[in-house]
Each structure stands twice: as C-alpha cells, then as structure tokens.
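# Working through the structure, step by step
Chain residues, written in single-letter form:
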Amino acid sequence: MTKSLPGLLLAASIAVVLATVPWWNNAVLLQFGINAVQLAVMAQAWNIIGGYTGSPSFGNSTFYGLGTYGTAITMVQFHQSFGLGLGVGALLAVIVALLVGIPILRLRGPYFAIATLGLAATVGAIFANLPIAGENIGLVLPLTRDEPLFYELSLGVLVLVTLTVLFIDRSRFGLGLIAIREDEDAAAVTGVNTTLFKVTALAISAFFTALVGGIHAYWITFVDPSSSFDPRLNVNMVIMAVFGGPGTVLGPVVGAFILSTISEVLASSISTAASLLFGIVIVLAVLFMPKGLVDLGYGFRRLGWRYFTETVRQYRL
Amino acid sequence: MSVPILEARNLTRRFHGLTALNDVTFSLAQDEILGLIGPNGAGKTTLVSLISGTLPADEGALLFQGAEINHLPPFRRARLGIGRTFQVMKPFPGLSVLENVMVGALFGFQGGVESRTRAREQAEFWLEFTGLQHRSEQRAESLGGPDRKRLELAKALALRPKLLLLDEVMAGLNPTEIDEVVLLVKRIRDEGVSILVIEHVMKAIRNLSDRVFVLHHGEKIAEGTPDTVFADPRVVEAYLGRRRQ
Amino acid sequence: MLLMQILLNGILLGGLYGLMALGMGLVWGVLNIVNLAHGAFIMMGGYAVYFLYTSAGIDPFAALPIAMLAMFLFGFAVQYGILNFIVRSALLNTLLITFGFDVVLTYVAQLLFSADLRTINPPYAGSNFGVLGLTVPVVRLGVFGVALGLALGLWLLLRMTRLGRAIRATAQNLIAARLYGVDPRLLYAVTFGLGAALAGAAGGLFGLVSQISPYVGATLTAKSFVIAIIGGLQNPLGAILGGIFIGIAEATSALYLSPTLVDVISFGLLVVILVTRPASSFRAA
C-alpha cells in the first residue's frame, strides 16, 4: 500500500505540530504524550515483524527489557553516558534477535507467538537473577528532570521508525516480507531468502523497541524485572498495531494514539469500568474492523456502510 | 548439449512410514518438454516439491545442470533458475496481480532485479505474455480459476527460469483454454526453457511432450514417447485398475 | 521417599492440567481458534461449582455436570453468536478477540465475586490414605480420576459417535464436511461448547485443589497452551500425558530449584520442544 503525497505531507505536518507539545505548558498532556509516543514506537516496531512479515511476535518485550537494562547497566554500573547506554541496549537487543531469531523464526503462526512469549519470560527471569542488574530489586538511574527532552527524543525515534517503515513499504525488501506473510512456501520458491529476511525484520524491530526502552528507563529512573519485561506490553503493542492497521505505514501510530487516548479518558472518568469497556472495544474492533483503522478509512470511502457487511461476509463461517 | 538440465537418481521420499516416492530416476534434456503422468496419489506433486526444494529428499541425488542441488534451500534453487507452479494455487492473496508477478522478477534468476520499477516493467511484460494485463491491479485472491492458472504461470516466468515445473496447469480448463495454454507452453519452450509438465489432460500431454514418464504408487513404471507410453499395458492398468480375468 | 511423594503429587495435579489443556486443544485443533479466554472459562467453572456447593450444598463432584452444562451453553452461544463471524480471518484476530473476552470476563468476575480467594472445601477435603508409604489425598485422587475419565470420555466421543466423526471430519476438511451435510456453524458452536464444558469441569476441580480468584485465568491459559502444544492438539491422551509431564516438571523443579523459576521451566521446555520437533508433525497454522 503506497501512501500518496498529500497523505505524507499531512503526516509530516502533524509530526511538526506534535513536536511543539512541550511548549503548550500542560504537564499532564506532556506526560501522556511521552507514554503515547513510546507505545506508538513499539507498535510501529512490531509492525515490521508482525504486520509486514506476518510473524506475530508476542515477545517484543524481550527487546524492550534489554533496552532498559542495557541503558541502566551502562549508566549505573559503568558510569557511562546516556547515549552510550542507549547504544548498548540497542546492540544487545539486535544480537539477541539475530541469535534467537534463526531457530525461533522457523516456527509458524501461534507456535512462533508462544516461543517469543517463552523467550520474554526466560530473559526476564535471567535478569531477575543477575547481580549486575540488581536482581529482583533492579537499578536506579540518575535523575534528570527534563520532560521535554524525553518527549522530543521519543518523538524523534517515532519519526525514525516510521520513516524506516515507509522505506520498507516501498522497497524490494518490503515486498519480500509481504510475500513471506502471504505465503511463505510460495515466496521461497520464488527466490525470497525467507530466513534472512525474517531475521532482518526481527532485528530492525528489536532495535527500535530497545531504543525506546532505554529512553523510558532513563525517564522513569529505574528498571526492574517486572516492569521491564512486563508481558502486558506485548499485548498492548500488538493490539495497537492491529487496531490501527498492520502492514500499513501509519496504521500502528494512529492505533496507538487513539487507543492510548481512549484508555486514558476511560481511566480518568469511569476508572472502574475502564478495563471492561476496553475489552468490549477490542471485541467490537476485531468483529467489525479486523483489518484495522487504515483499511476502514479507505474502505469506508469506497463502500460506505457496506464495508462492514463485506468484511463480515469475508470472514464469517 | 549433452548434459541434461535436470537429472534425478534414486530419489526417495517417505512420510510417516509411507513411501511417497521410491527410487525414482529420470533425466530431462535441455529444451525438452517432459510429461509426467500417473493416477492420483502417484507422487507427482511430491516429486515436483523435491525438485523445487519445498520438501527434502530422504535418499537419492538431484543434479541441475550437472551440479548437485539436494542440499540447497528452495530460494537458492529459484535463483539458479528452477521455477514451479503449485497445483493448489498459491497466489499472494493480499497483493495485486501485478505485485504477485513482481515478486518473481525481484527475486528470481540470480537474485532478480534491485529496483521495483524495473520489476514492474518485467511483470507487465509477463502479464501480457500470459494474457492477464487487463487484470493487473486486481487483488490476486479475487481471480477466477483459469486466470489463477495464468497468474501462477506468470509468476513462475518472471523468475526467468531455465527449468519450469508445471503442476496441473490445465485442470479445470475448457478445451479452448487448454489449447491456448498448450500454445503458451510451446512458446515458453521456444524461449529456451526446459519444462516438466504434470497433467491429467491426456490430449495436452500428447500435444506438448517430447517424452513422457509415468509414476504409480511412487515408482516409475514406464517411459518413452507419448504413443509408446499410452499404449503400454502397465500404464493402462495403473489408470483403469487390474483387468478382471 | 520425598521424591516419590513429589512425583505422585505431580502426577495427580498433572491430570488436572491435562484436562485444562484438553478443552483448549480441542478448540484449537478443530476450529483453529486459540482461545486466550480459556483460563477465564476455567475460572467461571470454578465459581459455578463453588457457589453450587456453598449455596445449594451440592457435593462438588456432583455439581460438575451442572457446571459443565452451563459452560457448554455459554460456549455454544459465544461461538454461534460472535466467533463464527471471524473464524476465517487471520489467526491473530481470534487471539485478540478472545483476549478481549478474557478482559471482560475477568472484570465481570471481579465485579460479581470480588477479589477474594475462594477454595471449595467439602467435608472430606483433608482426608487421605496411605499406599506404599505414600500419602494419597482423597480429593486429589478424585480430581485425577475425573480428569482421566473426562479425557477418556472425549476420546470415546471423538472416535465412536457420529458427532465425534463429524467433528473430526470438519477438522480435516471443512468443505468436505459440508458435503456430508454437516452444518458447520452448529458444529463449530458445539465444539466450542464442548471445550468450554471441559474448561468448566477443570475449573470445578481446580477449586478443590487450589484457590479461585478472578485473576487465575491468565496463568491457566498459558499453562493450557503449553500443554496443548506438547501433547498434540486433538489428542486427549496426549493432553493428559503432557499435563502429567508438566505436573512432574513443576513439582520437581519447585523442590530442587526456586519456585519462581517453575513457570520459566515450563516455557523454556516448550520452546526447546518446539524448536527441535520436526516441522512435519505440526498442523500448518
């Protein structure tokens, strides 16, 4: 799906507007913004391996956690700079992705998903037992009260990862990934080096996920096993990407922002029923817009309300 | 041209204790069209999967242009110039017809082309060759039966193969369509492609093949010109069953 | 001797684990639906038996069929009314929608039953008898027996009855099954209902050996998932064996290693098994 020029210009101008948020003097909004942008990065990074390549990873929290710990250990135990810490975290994640990716990516569908989940649990348990990582207590990072910095950094990573996805969407590499998603055996006999492509996609995904993990760690000034390797992160990033539109350039970003907003609004107004409504939103979304918001947008313009009936007819028994 | 483009020696493949292919040996000469027939379940598609690399062989040797390829994964074989169509057709459903063929152009012979623009041009050429140019923007999953066959063919051709494995491209086509495909296949051979054709449509096999060989229960039971093979009593028996005494 | 006792405990509990995996594997193998709310179904069954026992005085084991029937109807409705409409879309979508169910069910349970932990404590709960120097708790033996019985029942259903053959045919080939006059929508609903009923039974039994809360669902889903994969998806015997395997693994690792590593062990085992098993033994996802 190639994006038209007007669409890109619109996205670029929205990015510029978003960059000015720190100057709106709204601390609550800024904090919400940082969280939402970081979730958007994770959803977008997942999009590369889950959306384009069709390998549904439920273990990207592994790379997130590696990013947080890589940064934390570099800064706290070795007294190095934040920049170096980020680099270490990202490198760690990429190395793990390459090493573990090769055997795990041979699995298909839900088996791959559960293997990635297992990976996340295992890596989390390892860090919970490492002295250098502070074992179960974790580590405390140096304090830097500079919310705008963290916001702009996160936004910068979001722009970077989105540009990467845009590039992938238009490249030979991207068409290869899509071919793998649509039919891996057919892709293989058409000459696509499926192993290389899948592992590369996973590594790119790991890189950006780790990057945002490192930023998050420095922002909240601590890391510990349960928050760094929180399994709910995985579900969140997958839901956001799928809600917005997997395999599209802007879908995951849109999905992340919208769902973050809904979640925040629900939590602050009807906090008790928030999770109930969230669950209902998910069920309805899968029923009526299983291909995501972006596809809904295009489809509704073409077909109007018939989009919904067509979708249901396509997927019903 | 003495080296056959494809040579199979003693190929054997087992599934959970069942022997799908047993000690199959044959060769395909350069620019030859070799027909492969046999009743359902004889192992024809399994043989094609062994050649394309989709399934590994348990025993035997497989030589492409004189070199052993049994250890190569499917994508390497595609890059060497082996193209195949699938009997149960496997288009990339979410992609357009044009994009489907572009994949072949991008990743085919010797790694294909680098730029999507070049690939698009090549894909358009192959769509015209197979008569699909007016459907290029349609989603592949919305195509009807005969057009799906054409798409399978176009995808395989975009690889610029030297060896083409056609698995029942004519199933479900009416006689006119069959004649068209036969002409198409001959044109492909004239471009310098060697072809292995699996078919049930005997008329097509007779018109197309230089030689034919027959599989039954995973074993080769006959080989020769179409006329010789069709007259062979063992072949008749395989298809029609044992004659009651 | 301690080891033998641990092994016995592991086996007895493992039977229950196998029962949990049974329902999930059935639904997954036949309908290609990975039900992330399976643990929530187990939880519901547990609460059903709990309240049947505490409010109506029905013996927990006798309450099982009632709970199973209720869960069957519930599952049937969910499949017929909702899941049948997305069954042919990507597997990821069924994962997400069942995840949504899980969120809703957990919330409703929390609302109705509060977060208090509940155990089903019939009068014979503490009694046990000795065999070969080992202590065999009566309740756990009963749980094991029922689990085994239900697994056998499912096996017989699948093998010997018309319904079972229809289910297996549909699993193999939906189109062919249609040609034989099977209405897939009904059959899917019945199969999912069966899975829910088995989950409900597992829940009632679970309440006898552990504590029920609205939040037990997630861990139980994960455990069922792991065992279903290890044991094979449409294989009742495999599920029980897989459950026993995990039960023993958990019991021994709790003894020799730290208890926090127990879940990691089962996941780690799963990953190793998945990666080393030959690809042809998996049904294509």
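Residues numbered from 1 in each chain as written. Chains lettered and ligands numbered in written order. Predicted model: local features only at pLDDT ≥ 70, side-chain atom pairs only at ≥ 80, totals over all residues.

Between chain A and chain C, the residue contacts involve 32 residues of the former and 36 residues of the latter. When contributions to the side of chain A that touches chain C are tallied by element, the ones reaching two or more residues are helix H4 (82-104), helix H5 (109-127), helix H11 (231-244), helix H13 (274-288) and helix H15 (306-315) of chain A. Element by element, the count of residues in the side of chain A that touches chain C is highest for H5(A), at ten residues. Within the side of chain A that touches chain C, the residues separate by chemical class into 25 nonpolar, five polar and two charged. (Contact = placed C-beta atoms within 7 Å. Helix = DSSP H or I, 4+ residues; strand = E, 2+ residues; numbered from the N terminus. Nonpolar A, V, L, I, M, F, W, Y, C, P; charged D, E, K, R; others polar.)

So, about the domain arrangement of chain A. Residue and element names in this part refer to chain A. Domain boundaries in chain A define domain 1 (5-267) and domain 2 (275-317). On a C-alpha basis, the centres of domain 1 and domain 2 stand 26 Å from each other. Counting from both sides, the interface comprises 14 residues of domain 1 and, opposite them, ten residues of domain 2. Taken together, the elements giving at least two residues each to the side of domain 1 that touches domain 2 come down to H11 and helix H12 (251-269). If one sorts the elements of the side of domain 1 that touches domain 2 by residue count, H12 sits on top with six residues. (Domains from an automatic or database assignment.)

Next up on the list: the sheet that holds strand E2 (residues 18-28) of chain B. Residues and elements named next belong to chain B. Reading across the sheet, the four strands line up as E2-E1-E4-E5 and stay open at both edges, with antiparallel pairing between neighbours. Taken across any chain shown, the strands that pair with only one partner, and hence form the sheet edges, are E2 and strand E5 (67-68). Where strand E1 (residues 6-15) lies against E2, seven bridges are found, and the strand directions are antiparallel. Residue pairing for E2: arginine 14 is matched across the bridge by threonine 19. Relative to E2, helix H1 (residues 44-52) is tilted by about 65 degrees, and along the sheet it contacts E1, E2 and strand E4 (59-64). (Pairing = 2+ DSSP bridges. Axes fitted to C-alpha atoms, helices over the stretch in contact; angles between N-to-C directions.)

At the interface, 16 residues of chain A touch 25 residues of chain B. Counting residues per element, the ones that place at least two in the side of chain A that touches chain B are helix H7 (172-182) and helix H8 (184-189) of chain A. Sorting elements by how many residues they give to the side of chain A that touches chain B places H7(A) first, with six residues. Partitioned by chemical class, the residues of the side of chain A that touches chain B number seven nonpolar, five polar and four charged.

Residue and element names in this part refer to chain B. Taking 1.5 Å per residue as the helical rise, helix H6 (residues 175-190) with its 16 residues ought to reach 22 Å, and the 23 Å between its terminal C-alpha atoms agrees with that figure. Looking at the buried side of H6, the elements it contacts are helix H5 (145-158), strand E7 (163-167), strand E8 (194-198) and helix H7 (202-208). The positive-phi residue at the C-terminal boundary of H6 is glycine 192, with phi of around 100 degrees. (Expected span 1.5 Å × (residues − 1).)

Turning to the arrangement of the chains, a few remarks are in order. Here two pairs of chains make contact, and the pair sharing the most contacts is chains A and C. Nothing in chain B touches chain C, and the closest approach of their C-alpha atoms is 9 Å.

With that settled, consider the environment of Glu223(B). All names here are of chain B. Following the sequence through the fold, glutamate 223 ends up in strand E10 (residues 219-224). We classify glutamate 223 as partly exposed; it has 15 C-beta atoms within 10 Å. Sequence spacing of glutamate 223 and glycine 111 is 112 residues, and the spatial spacing of their C-alpha atoms is 35 Å. Not counting the four nearest positions on each side in its chain, glutamate 223 is found in contact with Phe26 and Phe213. (Buried ≥ 20, exposed ≤ 12 C-beta atoms within 10 Å, placed from the backbone.)

Turning next to the confidence of the model for chain A. One rule of thumb: low pLDDT means the predicted coordinates there are not for detailed reading. This prediction gives chain A a mean pLDDT of 89; 98% of its residues lie at or above 70. Helix H9 (residues 194-220) of chain A holds the highest mean pLDDT among the elements of chain A, 96, whereas H5(A) holds the lowest, 84. (pLDDT = per-residue confidence, 0-100.)

Residue and element names in this part refer to chain B. Two elements in contact, helix H4 (residues 116-129) and H5, have axes whose closest approach is 9 Å; the angle formed by their N-to-C orientations is 135 degrees. Classified by the angle between their axes, H4 and H5 sit oblique to one another. In this structure, H4 meets H5 at a crossing whose hand is right-handed. The residues of H5 that touch H4, namely those facing Gln122, Ala123, Trp126, Leu127 and Phe129, are Ala154, Leu157 and Ala158. (Parallel < 35°, antiparallel > 145°, perpendicular 65-115°, else oblique. Left-handed = near helix turned anticlockwise from the far one by under 90°.)

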